[in-house]
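Structure assessment
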Amino acid sequence: MGTAATLGAEEAERFLFAEARLLDERRFDEWEALFTDDGVYLVPIDPAKEPSRSISIIYDDRRRLGERVFRQMKTPVLDQNPPSRTIRFVSNVEVAPDAADGIATVRCHQLIAEMRPGGPGQAGLNAPRWFAARCEYRLRRTDGGLKIAAKKVVFLNSDLPHYNLSFIP
Amino acid sequence: MAVGERAVGRFRELVDDDPREFRIHGAVYTDPEVFVAEMARIFERSWVYVGHDSELPAAGDYKTVVVGTQPLILTRHEDGEIYCLYNRCRHRGAVVCRQERGHSNFFRCRYHNWVYANNGDLIGMSQSTGYPDDFDRSGYGLVRAPALAAYRGLLFVRLAEQGPSLAEHLAPARRYIDWWLGRSPVEEVELVLPPHRYEYPGNWKLQVENGYDGYHGNYVHLSWQRVLQLSRESTVEEIQRYRQSGAARGLANGHGLLERPGSLNPNASWTARMMQRYPEYAEAMRGRFSEEQLVAISARRNIFIFPNLYLFDTHIRVIMPKAADRTEVQLYVYALKGVPEVINEGRFRGHERFYGPAGFGAPDDIEVFTEVQTGVHATGHGWNLLNRGQHRERIEEGEWVGHTTDEAPQRSLYRHWRRMMAEA
Ligand code: FES
Ligand SMILES: [Fe+2]
């Protein structure tokens, strides 16, 4: 096992594919466990803005991320009942070594296909949607393996109106 | 688009203002003819909210908006005034601005290069020898909207030449707007851009009806209540008790609100809690307002201003109808001016937690809008009930005041809707 500074493209890809699988299979609690205790999950509207002083689609610290997963798995939500089906494509993976703090920066593109099934004629259901995104991860090596210190998902149409994005992009 | 007289007669029938069983017909949500008439008779006739003063701080700033079906530009000219211009070149009709917002002192039409100042004046024509020497440019500026007016930073336009003044339109809701601003000790807010935006396959009035609906919370937001319980902020039982308190108010001119009781007890209101936690905030608030005013200000309210504006504790909400079954909503979070920064950051994070397309509450509301939009296609009975609390509401100072779970504000909405749709 190398240091974070030597994180290879192949190991980074394996990590991202596994993460995508956890989300597609709605194993949200296992996904949440990929984050460090100080991990941040950000889906900005305008990625140029400082998130603490602006408004994001999602700006979760670890505690709020825990609430997000709890809400999905343990509470009577309407917006994910019926739940979304998703298929994630991960590509264009690039690893930028970052000596500081055992962290590497990994950039990739993701295409998320999403739809919620339902009966005939139901507004909002049975409609596949596609989300293209530029993603940036900050990964840290820990005793428990690679962990996500930060995940940022910037949609191509981040500043346009969206229907329900509660499937966890 | 002109709406035929027969249709106008039919619109009247869609609202049944029965004293015991107020109801509306499902066609108000689904009928494309109703939608076309709403754009012409409501959105292109009433005062419509188009933006906030703080969005155009400097001369040259502009933003484009659509009111009803009409593209408009709001600009701040070098004279300091805001102008509202039809976004339509006087030559052959191209828009002169394609951006959502920006900064420019003039607008150049890209088709044949006519140029307009940002107060609308025509200041340049390409190859102008093609027009006679006495061509009077002053008659060919971008046309200004018939009426633009502001109330305390909120900008409204009226596309009809005739009609009530903005002050007359807002009068029934004015004190609530003032109290809403009063959580800032300088009574000003500043928008935080860009806004949250969402859209849903459903009618715009579903968002209006829901924003001050105190009846759905324990069901649609049980999930949210469980999150608050998990974080030990409140138990589900406490939240459900709180949700019985306050009032739902239907106002004249189609406005309405949901209101929780005001209080200077830090356990009972956000304002009092912030005043306890941040002494400099308490000092500023007490320096500005009397005790009685502070109680009124501390009441949490969702205030609807007919036809497209909501004032919430964290954001200004703008409802933008797109089609009978498609609506966009924009949530402009704002900072309260003159308060410690930490208070605003807490408000921003609190907003993100509940609102927006991935919040823990708003997507559940949007889900039920789609359920109504689907359901009302079944015409077996055809009517939706809005009679909750009709037997127990009282009229006070021209307001219909109901229990917090009653449909008094929704009835006000549809009374005014019918007036605008079916009367001259
Ligand atoms: S349409 Fe604008 S210059 Fe011709
Ligand atoms: Fe709600």
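Residues numbered from 1 in each chain as written. Chains lettered and ligands numbered in written order. Predicted model: local features only at pLDDT ≥ 70, side-chain atom pairs only at ≥ 80, totals over all residues. Heavy atoms only, no water.

**Comments concerning the overall build of chain A**
Scanning chain A from terminus to terminus reveals 3 helices and 6 strands. Ordered by position from N to C terminus, the α and β elements of chain A give α-α-β-β-α-β-β-β-β. Taken against the 2.2 N^0.38 rule, which gives 15 Å for 169 residues, the C-alpha radius of gyration of chain A at 16 Å falls within 12% of a compact globule. With the principal axes as the frame, chain A shows a C-alpha extent of 55 × 30 × 30 Å. Burial status across chain A gives 51% buried among its 169 residues. Considering only intrachain contacts with a sequence separation of at least 6, the fraction spanning at least 24 residues in chain A is 61%. Counting only carbon and sulfur atoms, one obtains 53% of the accessible surface of chain A, whose full area is about 7,700 Å². Each charge class in chain A can be summarised by its mean position, and for the 24 positive and 24 negative side chains these summaries are 4 Å apart. (Helix = DSSP H or I, 4+ residues; strand = E, 2+ residues; numbered from the N terminus. Rg over C-alpha atoms; globule rule 2.2 N^0.38 Å. Buried < 20%, exposed > 50% of the residue type's maximum accessible area, 1.4 Å probe, protein only. Contact = heavy atoms within 4.5 Å. Areas by Shrake-Rupley, 256 points an atom, 1.4 Å probe, with all protein chains shown as cover. Lys, Arg positive; Asp, Glu negative; His and termini not counted. Charge placed at Lys NZ, Arg CZ, Asp CG, Glu CD.)

**Re the overall build of chain B**
Helices and strands together make up the secondary structure of chain B, namely 15 helices and 23 strands. Whereas a compact globule of 424 residues would reach a radius of gyration of roughly 22 Å, chain B reaches 23 Å, a difference of no more than 12%. Oriented by its inertia axes, the alpha-carbon framework of chain B measures out at about 80 × 60 × 40 Å. Classification of the 424 residues of chain B by burial places 58% in the buried group. Of the contacts formed within chain B by residues at least 6 apart in sequence, a portion of 64% connects residues at least 24 apart.

**Here's the deal with the sheet that holds strand β2 (residues 23-25) of chain B**
Residue and element names in this part refer to chain B. Read from one edge to the other, the open sheet built from 3 strands follows the order β1-β2-β21, with strand pairing classed as antiparallel. At either margin of the open sheet sits one strand with a lone partner, and together these are β1 (15-16) and β21 (383-385). Across 2 bridges, the pairing between β1 and β2 is antiparallel. Looking at β2, one finds that Asp16 is bridged to Arg23. (Pairing = 2+ DSSP bridges.)

**Here's the deal with the coordination of the iron ion (ligand 2)**
Surrounding the iron ion (ligand 2) are the protein donor atoms His216(B) (NE2), His221(B) (NE2), Asp365(B) (OD) and Asp365(B) (OD), at 2.1 to 2.5 Å. Every donor counted, the 4 donor atoms about the iron ion (ligand 2) form angles of 56 to 145° at the centre, which fits irregular coordination. (Donors = N, O, S within 2.8 Å, 3.2 Å for Na, K, Ca; no water. Tetrahedral: all angles 85-135°; square planar, octahedral: opposite > 155°, others 65-115°.)

**Describing the side chain of Arg41(B)**
Residues and elements named next belong to chain B. With respect to the helices and strands, the residue Arg41 is situated in helix α3 (residues 32-43). Buried charge without a salt bridge: Arg41, with Glu423 as the nearest opposite-charge side chain at an N-O distance of 8.3 Å. If we skip the residues at most four places from it in the chain, Arg41 touches Val8, Met420, Met421, Ala422, Glu423 and Ala424. (Salt bridge = Lys/Arg side-chain N within 4 Å of Asp/Glu carboxyl O.)

**Remarks on the packing of helix α11 (residues 279-288) of chain B against helix α12 (residues 291-298) of chain B**
All names here are of chain B. Between α11 and α12, the least distance of the axes is 8 Å, while the angle of their chain directions is 120°. In this structure, α11 meets α12 at a crossing whose hand is right-handed. On α12, the residues that touch Met285, Arg286 and Arg288 of α11 are Glu291, Gln293, Leu294 and Ile297. Its residues placed into classes, the contact of α11 with α12 shows 3 nonpolar, 1 polar and 3 charged. (Axes fitted to C-alpha atoms, helices over the stretch in contact; angles between N-to-C directions. Left-handed = near helix turned anticlockwise from the far one by under 90°. Nonpolar A, V, L, I, M, F, W, Y, C, P; charged D, E, K, R; others polar.)

**What to know about the interface of chain A and chain B**
Each side of the interface is counted separately: chain A has 38 residues, and chain B has 37 residues. Carbon and sulfur atoms make up 57% of the surface buried where chain A meets chain B, a total of about 3,300 Å² over both sides. Contact with chain B buries surface across chain A, with Ile55(A), Leu78(A) and Pro161(A) losing the most and accounting together for 19% of the total. Connecting chain A to chain B are 4 salt bridges. With a shortest N-O distance of 2.9 Å, Glu67(A) and Arg353(B) are connected by a salt bridge. Per-element tally for the side of chain A that touches chain B: the top contributor is helix α3 (residues 62-74) of chain A, with 7 residues. For the side of chain A that touches chain B, the per-class residue count stands at 15 nonpolar, 11 polar and 12 charged. (Buried area = accessible area lost by both parts, 1.4 Å probe.)

**Section: the side chain of Thr86(A)**
Residues and elements named next belong to chain A. Considering the arrangement of structural elements, one finds Thr86 in strand β3 (residues 85-98). There is a polar contact of 2.6 Å between the side chain of Thr86 and the side chain of Asp24. The contacts of Thr86, once residues within four sequence positions are left out, are Leu23, Asp24, Ile112, Ala113, Glu114 and Phe167. (Polar contact = N/O pair within 3.5 Å; in protein donor to acceptor, adjacent residues only side chain to side chain.)

**Overview of the sheet that holds strand β6 (residues 82-86) of chain B**
All names here are of chain B. Pairing within the open sheet is antiparallel, and its 4 strands lie in the order β6-β5-β4-β7. With partners counted over all chains shown, the strands left at the sheet margins are β6 and β7 (101-103), one partner each. Along the sheet, successive strands turn relative to each other by an average axial angle of 25°, direction set aside. Bridge analysis of strand β5 (residues 70-76) against β6 gives 5 bridges, and the strand direction is antiparallel. What sits directly across from Leu72, in β6, is Tyr86.

**Focus on the packing of helix α1 (residues 5-13) of chain B against α3(B)**
Residue and element names in this part refer to chain B. It is the contact of α1 with α3, at a shortest axis distance of 11 Å, that shows an interaxial angle of 100°. Classified by the angle their axes make, α1 and α3 are roughly perpendicular. Packed against α1, whose contacting residues are Ala7, Val8, Arg10 and Phe11, the element α3 presents Glu33, Val34, Ala37 and Arg41 at the interface. When grouped by side-chain class, the residues that make up the contact of α1 with α3 number 5 nonpolar, no polar and 3 charged. (Parallel < 35°, antiparallel > 145°, perpendicular 65-115°, else oblique.)

**Here's the deal with the packing of aromatic side chains**
Residues and elements named next belong to chain B. A complete count under the given rule lists 23 aromatic pairs over all chains for this structure. Considering the side-chain rings of Tyr49 and Phe156, the 5.8 Å spacing of their centres and the 75° angle between planes classify their relative orientation as edge-to-face. Here Tyr49 is found in strand β3 (residues 47-52), whereas its partner Phe156 is found in strand β12 (residues 154-158), with 107 residues between them in sequence. Neither Tyr49 nor Phe156 differs from the other in exposure class; each is buried. On the basis of an interplanar angle of 70° and a centroid distance of 5.2 Å, the ring pair of Trp180 and Tyr334 is categorised as edge-to-face. (Phe/Tyr/Trp six-rings, centres within 6.5 Å; stacked < 30°, edge-to-face > 60°.)

**Observations concerning the domain arrangement of chain B**
Residue and element names in this part refer to chain B. If you check the domain split of chain B, you get domain 1 (49-151) and domain 2 (172-261 + 299-422). Computed from C-alpha atoms alone, the centre-to-centre distance between domain 1 and domain 2 is 34 Å. At the boundary of domain 1 with domain 2, total buried surface from both sides reaches about 950 Å², with 57% on carbon and sulfur atoms. Among the residues of domain 1 in contact with domain 2, Tyr49, His52 and Tyr151 are the three that bury the most area, contributing 59% of the side total. At the boundary of domain 1 with domain 2, the tally comes to 1 salt bridge. Glu100 is the salt-bridge partner of Arg197, the closest N and O atoms lying 4.0 Å from each other. Summed over the shared surface of domain 1 and domain 2, the result is 4 residue pairs in polar contact (both at pLDDT 80 or more). (Domains from an automatic or database assignment.)

**Digging into unusual backbone geometry**
Of the consecutive residues Asn81(A) and Pro82(A), the connecting peptide bond is found in the cis state with omega at 5°. Within the secondary structure layout, Pro82(A) lies in the loop between α3 and β3.

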